[in-house]
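# Observations on the three-dimensional arrangement
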Amino acid sequence: ETTDTDFADAQWQLYAAQSGRWEGVWTTFDSQGIEQLAHTGCWDVSLDGDDAVHKMEVPGPDGYPRQIPVGTYTKGKLGRQTCAGAGMVS
């Protein structure tokens, strides 16, 4: 049980070290590798003690930022998350 606890703590420390806000260009490619869309977006991970809120911010159709919730995480229960929208799956 100690090994599981140590691993969970190490996993949380790595995740927490990457928290913050990053802005960049997200590019979408089709199955042949041809660029289809590129837009500026923001990836935001906010820590609150042993909890983290993860969201993505992209320009909406009206030009104002639109926030997309990705997940809420807790120390020791990070688990696996997948972020995909309807347009990302074929």
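Residues numbered from 1 in each chain as written. Predicted model: local features only at pLDDT ≥ 70, side-chain atom pairs only at ≥ 80, totals over all residues. Heavy atoms only, no water.

With the rule as written, the count across this model stands at three salt bridges. For Asp9, the salt bridge is made with Lys75, and the minimal N-O distance between the two is 3.7 Å. Taken together, the residues span a long stretch of sequence, with Asp9 in helix 1 (residues 2-17) and Lys75 in the segment after strand 4 (65-74) at a distance of 66 residues. The class for Asp9 is partly exposed, based on a relative accessible area of 29%. (Salt bridge = Lys/Arg side-chain N within 4 Å of Asp/Glu carboxyl O. Helix = DSSP H or I, 4+ residues; strand = E, 2+ residues; numbered from the N terminus. Buried < 20%, exposed > 50% of the residue type's maximum accessible area, 1.4 Å probe, protein only.)

Inspection of the secondary structure assignment puts Thr40 in strand 2 (residues 35-48). Residue Thr40 is classed as partly exposed on the basis of its relative accessible area, which comes to 49%. It is 8.8 Å that separates the C-alpha atoms of Thr40 and Thr27, two residues lying 13 residues apart in sequence. Excluding residues that lie within four positions of it along the chain, Thr40 makes contacts with Gly24, Val25, Val58 and Pro59. (Contact = heavy atoms within 4.5 Å.)

A full pass over the atoms with the stated rule returns two aromatic pairs. Plain terms: the ring middles of Trp12 and Tyr15 are 5.7 Å apart, the flat faces sit at 40° to each other, and that makes the pair tilted. Of the two residues, Trp12 and Tyr15 both sit in helix 1, three residues apart, roughly one turn of that helix. Given a relative accessible area of 6%, Trp12 falls into the buried group. Since its relative accessible area comes to 17%, Tyr15 is described here as buried. (Phe/Tyr/Trp six-rings, centres within 6.5 Å; stacked < 30°, edge-to-face > 60°.)

Alignment of strand 3 (residues 51-59) against strand 4, held across nine bridges, turns out to be antiparallel. The partner of Lys55 across the bridge, within strand 4, is Pro69. The antiparallel hairpin formed by strand 3 and strand 4 contains five residues in its connecting segment, where Gly63 sits at a positive phi of about 95°. (Pairing = 2+ DSSP bridges.)

Ranked by size, the top nonpolar core spans nine residues in total: Trp12, Tyr15, Val45, Ala52, Met56, Val58, Val70, Tyr73 and Leu78. Going through the elements one at a time, helix 1, strand 3 and strand 4 are the ones with two or more residues in this core. Considering every element that reaches this core, the biggest residue donor is strand 3, with three residues. Apart from the residues within four sequence positions on either side, Val45 is in contact with Tyr15, Ser19, Gly20, Trp22, Ala52, Val53 and His54. (Core = buried A, V, L, I, M, F, W, Y, C linked by side-chain atoms within 4.5 Å.)

Moving on to the pairing of strand 1 (residues 20-29). Looking at chain direction, strand 1 and strand 2 are connected through ten bridges and run antiparallel. Residue pairing across strands places Glu23 opposite Cys42, the latter belonging to strand 2. Between the end of strand 1 and the start of strand 2, which pair antiparallel, lie five residues, with Gly33 showing a positive phi angle near 85°.

Worth remembering: the numbers are spatial, not functional.
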